[in-house]
Structures are given as structure tokens and as C-alpha cells.
Amino acid sequence: MKAFFTAIAVAVTLTASAATAQNDGVITVKVNKASKALVEKWIEGYKAVNPDVQIALVSGKNADADLTLVNQHQEGVNVTYVGRYALLPVTSTENPLLNDIQKKEWKSKDIKNLFFTAEDLDEEYEEEVEGKHNKLKDKLTVYSGSSKTSLTGIFASHFGRTIDDLRGNRIAGDDLYLLSAIEEDKASVTFNALSNLYDLSSRTLRSDLALLPLGVKASQREALRSGNLDETLELIENEDIDLIPVEDIGFTYDSFDADIEQFLQWIVRDGQQYNHAAGFLHLTNKEVESQLRLLAQSL
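A brief look at the structure comes next. Source: prediction; values computed, not measured. (Residues numbered from 1 in each chain as written. Predicted model: local features only at pLDDT ≥ 70, side-chain atom pairs only at ≥ 80, totals over all residues. Heavy atoms only, no water.)

## A word on the overall build of the protein
Heads up, the rule is: Under the scheme used here, helices are H or I runs from DSSP no shorter than 4 residues and strands are E runs no shorter than 2 residues, and both carry numbers assigned from the N terminus. Contacts were defined at the residue level, with two residues in contact if any of their heavy atoms lie within 4.5 Å. Where accessible areas are quoted, they stem from the Shrake-Rupley method and a 1.4 Å probe; at the residue level, only the protein chains shown are allowed to cover.
Check the secondary structure of the protein and you find 13 helices and 12 strands. In the protein, 78% of the contacts between residues at least 6 apart in sequence involve partners at least 24 apart. When the accessible surface of the protein is totalled, it reaches about 14000 Å², and 45% of it is carbon and sulfur.

Structure, rendered in C-alpha cells:
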């Protein structure tokens with residue numbers, strides 16, 4: 001399910017049009033922690049084949065911006081999609097209830113029952129959750145984000161619920177704080193993007209985290225259990241798994257010029273090679289074709 005929610009941990013801003021006039025043709029990029037590694041890879045790769053182009057990172061809430069990297073589909077705005085990300089539910093390896101959590105294969109109804117307030121359940125499932133699984137739910141605290149840049153809205157929308165439906169505690173600030181929260185409060189669960197859950201250097205799941213075992217096909221389960229980021233990225237790119245929220249990221253812009261078009265074209269066409277390194281998914285071939293076609297029509 002595609003989620004339509006504002007802002008996330010990967011918000012990035014790219015200025016070019018107004019900045020071009022003011023900064024002698026320099027494309028300035030505003031980026032937060034979650035997306036910095038990916039954007040820096042794009043800039044490095046683009047400058048390697050376009051050495052005369054000037055691109056600079058800037059900071060500050062009031063910095064002018066003409067292009068903003070958002071985490072979901074946008075209606076009524078100019079946007080070029082440049083990648084995708086995925087979310088997985090996790091807990092701490094020191095959770096005292098970890099054995100009980102790992103005995104269960106968490107299906108869609110289970111995820112909804114664990115993370116969200118009660119909703120109407122079918123009779124058969126209601127009998128099940130009133131047993132030991134519901135007791136497990138009552139012992140686990142849910143942590144979710146409360147800031148505008150949080151992934152929380154994407155997660156909730158994917159499962160047909162809203163932010164207000166989430167149980168437990170809300171954490172302000174970067175979604176990395178959700179992982180700090182379950183480290184301190186061991187009997188708890190949360191969710192996060194692959195780029196936060198895996199060590200980008202070793203390409204393995206963080207040693208202090210354990211994924212909730214999802215109720216998926218055996219082959220899919222093995223890939224997730226491997227704890228390897230590249231196997232997980234390949235799995236999610238090649239198979240549609242309803243239990244794993246996947247959403248697009250894209251640059252929105254108010255105005256456009258040839259320099260912006262060329263930079264975005266390069267990201268869509270050639271910059272995809274850097275997405276995996278930063279824990280993001282490639283665009284599908286269909287999306288690449290669509291975005292390049294739309295860019296060619298933008299000027």
C-alpha cells in the first residue's frame with residue numbers, strides 16, 4: 001500500500017534556481033542526518049563525470065530551497081522520484097520477551113494488533129489474540145515517532161491505520177531515537193528504515209537489534225533472517241511483500257532549469273548504483289523510464 005503522509009527522516013533540500021542566480025551557478029543541497037550519506041554519494045558520483053559542476057551542502061532551517069527530497073508521493077506538486085526505502089519492525093536483543101516474540105510468525109493482523117489500538121477482529125482471530133499472544137502484546141511497549149520527519153505516518157498508513165491509532169509512547173526528534181528507546185526499555189518494539197537498522201559498513205543488522213519474524217514465504221524468511229542488508233534489499237526489490245512498507249522518495253521543486261534537469265536525470269538513470277550503499281532501494285525499471293520521460297517534458 002502506498003502511503004500519503006507528510007515528511008520523514010529522509011527529508012533533503014536542494015536549492016538550485018534561486019541559488020544559481022545568487023551563488024554563481026552553485027547548486028546548494030540541504031540535508032539531514034538520515035539522507036546525508038545517500039545525497040553525498042550522489043553528489044560525488046555526479047561531480048566525477050561533471051567536474052565543472054559546483055554542488056555544496058548547506059545547513060539551517062531558513063536556508064532557501066527549490067528542491068526538497070520527500071518520503072512519499074506528492075499530489076499537486078512538481079516531483080521527480082529518485083529512490084525507495086523500506087520499514088521493518090524490530091526489538092532489542094536484550095528484550096526479556098524475545099523468545100516469545102521469535103516463536104511467532106507475525107502476520108498483518110498480528111502487526112496491527114501489536115502496534116495499534118484495538119479494532120474489529122474476525123471471530124477466529126479474536127479468540128486467538130485473547131490467549132497468550134494478547135498477553136504478550138500487553139507486556140510490550142510500542143515506541144513510535146512524533147516529529148514531522150518521522151516515518152511513523154508511513155508505517156501507520158501502510159497498515160490502514162493512522163498515527164493516532166498507535167499504542168505506546170511517542171518519541172520526538174530523529175527516528176534513530178526510537179532505537180535508543182527500545183535499548184533503554186527492553187520490553188518494547190518499534191519500526192525503522194533499513195538505513196537505520198543495518199550497519200552500512202559491515203552490511204549486517206545491528207548487533208543490538210532483532211527483527212520480528214514476519215509471516216512470509218520460507219525463502220523470504222531466510223533472506224530476512226540472514227541479517228544481511230544486501231540480501232534484504234534484493235529481496236524487497238524483487239518481491240512484493242505486503243508486510244513490509246515500501247515508499248518512494250523524490251525531489252520536489254517550484255522552478256526548474258537545465259542544470260537541475262541534468263542532475264536529476266543522472267540520479268534517476270545512473271545514481272541508482274549508490275542507493276544500496278546508503279540502505280535505500282533502487283527505483284523499478286518502470287519508474288526509471290517514467291521519471292526520465294517526465295523530466296524530458298519539464299523544461
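## Things to note about the packing of helix 10 (residues 218-225) against helix 11 (residues 229-238)
To keep it simple, the criterion reads: Comment: axis = line fitted to C-alpha atoms, over the contacting stretch for helices; angle = value between 0 and 180 degrees taken between N-to-C directions. Here the nonpolar group is Ala, Val, Leu, Ile, Met, Phe, Trp, Tyr, Cys and Pro; Asp, Glu, Lys and Arg are the charged ones; every other residue, Gly included, is treated as polar.
Helix 11 packs onto helix 10 with a crossing angle of 145° between their chain directions and a minimal axis gap of 8 Å. From helix 10, Gln 220, Ala 223 and Leu 224 reach across to helix 11, where they touch Glu 231, Thr 232 and Leu 235. Partitioned by chemical class, the residues of the contact of helix 10 with helix 11 number 3 nonpolar, 2 polar and 1 charged.

## Points about the packing of aromatic side chains
What counts, and what does not: Within 6.5 Å between ring centres, the rings of Phe, Tyr and Trp (the latter by its six-membered ring) count as paired, and their orientation is classed by plane angle as stacked under 30 degrees, edge-to-face over 60, tilted in between. Partly exposed residues are those whose accessible area sits between 20% and 50% of the maximum for their type, while under 20% is buried and over 50% is exposed, using a 1.4 Å probe and protein chains only. Put simply, a charge is over a ring when the Lys NZ or the Arg CZ is close to the ring centre, within 6 Å, and near the line of the ring normal, within 35 degrees.
Summed over all chains, the structure comprises 9 aromatic pairs. Centroid distance Phe 115 to Phe 155: 5.2 Å. Interplanar angle 65°. Geometry classified as edge-to-face. Within this pair, whereas Phe 115 is found in helix 4 (residues 108-115), its partner Phe 155 is found in helix 7 (residues 152-158), the two being separated by 40 residues in sequence. Note on accessibility: Phe 115 and Phe 155 belong to one class, buried. If you follow Lys 104 out to its NZ or CZ, it ends over the ring of Trp 106, 5.7 Å from the centre.

## Here we look at the pattern of salt bridges
Inclusion rule: One side-chain nitrogen of Lys or Arg within 4 Å of one carboxyl oxygen of Asp or Glu is enough to make a salt bridge.
Applying the stated criterion across every chain, the model contains 10 salt bridges. Put simply, Glu 287 and Arg 84 hold a salt bridge, and the shortest N to O gap is 3.9 Å. Separated by 203 residues along the polypeptide, Glu 287 in helix 13 (residues 285-296) and Arg 84 in strand 5 (residues 78-92) bring together distant segments of the chain. For the pair Glu 287 and Arg 84, a shared accessibility class is recorded, and that class is buried. The residue Lys 103 makes a salt bridge to Asp 100 at a minimum N-O spacing of 3.9 Å. Placement of the pair is Lys 103 and Asp 100 together in helix 3 (residues 98-103), with a separation of 3 residues, close to one helical turn. Judged by relative accessible area, Asp 100 falls into the partly exposed class, the value being 37%.

## Notes on the nonpolar core
The line we're drawing: Nonpolar core, defined: a set of buried Ala, Val, Leu, Ile, Met, Phe, Trp, Tyr and Cys residues in which side-chain atoms within 4.5 Å join the residues together. Domain segmentation is taken from an automatic or database assignment of domains.
One finds Trp 42, Leu 88, Phe 115, Leu 197, Leu 214 and Ile 244 to be the most contacted residues of the largest nonpolar core, which totals 77 residues. The element contributing the most residues to this core is strand 5, with 8 residues. Here this core gathers at least three residues from each of two domains, domain 1 (25-84 + 247-298) and domain 2 (86-246). Setting aside chain neighbours within four positions, we find Leu 197 in contact with Leu 88, Val 90, Leu 179, Asn 192, Leu 205, Arg 206, Leu 209 and Leu 211.

## Section: helix 13
Heads up, the rule is: Multiply 1.5 Å by the residue count of a helix minus one, and that product is the helix's expected span. By definition, the arc is the one covered by directions from the helix axis to the C-beta atoms.
Here helix 13 is 12 residues long and its end C-alpha atoms lie 17 Å apart, about the 16 Å a rise of 1.5 Å per residue gives. All of the buried residues along helix 13 are Glu 287, Val 288, Gln 291 and Leu 295. Buried residues of helix 13 fall within an arc of 100° about the axis and therefore sit on the same side. Of the residues in helix 13, the exposed ones pointing more than 90 degrees away from the buried face are Asn 285, Lys 286, Glu 289 and Ala 296. The elements touched by buried residues of helix 13 are strand 5, strand 12 (246-253) and helix 12 (258-269).

## Some thoughts on the pairing of strand 5
What counts is decided by this rule: Two strands make a pair as long as DSSP finds a minimum of two bridges between them.
Judged by how many residues are buried, strand 5 sits mostly within the fold: 14 of 15 residues are covered. Alignment of strand 5 against strand 12, held across 8 bridges, turns out to be antiparallel. The residue bridging Asn 78 from the neighbouring strand is Tyr 253, located in strand 12. Sheet topology places strand 5 next to strand 8 (residues 188-193); 5 bridges connect them, and they run antiparallel. Looking across to strand 8, one finds that Leu 87 is bridged to Ala 193. Bridge count between strand 5 and strand 11 (residues 209-211): 3 bridges; the pairing is antiparallel. Each bridged residue has a counterpart across the sheet, and for Thr 91 the counterpart in strand 11 is Ala 210.

Treat this as a map of the structure, not an account of what it does.
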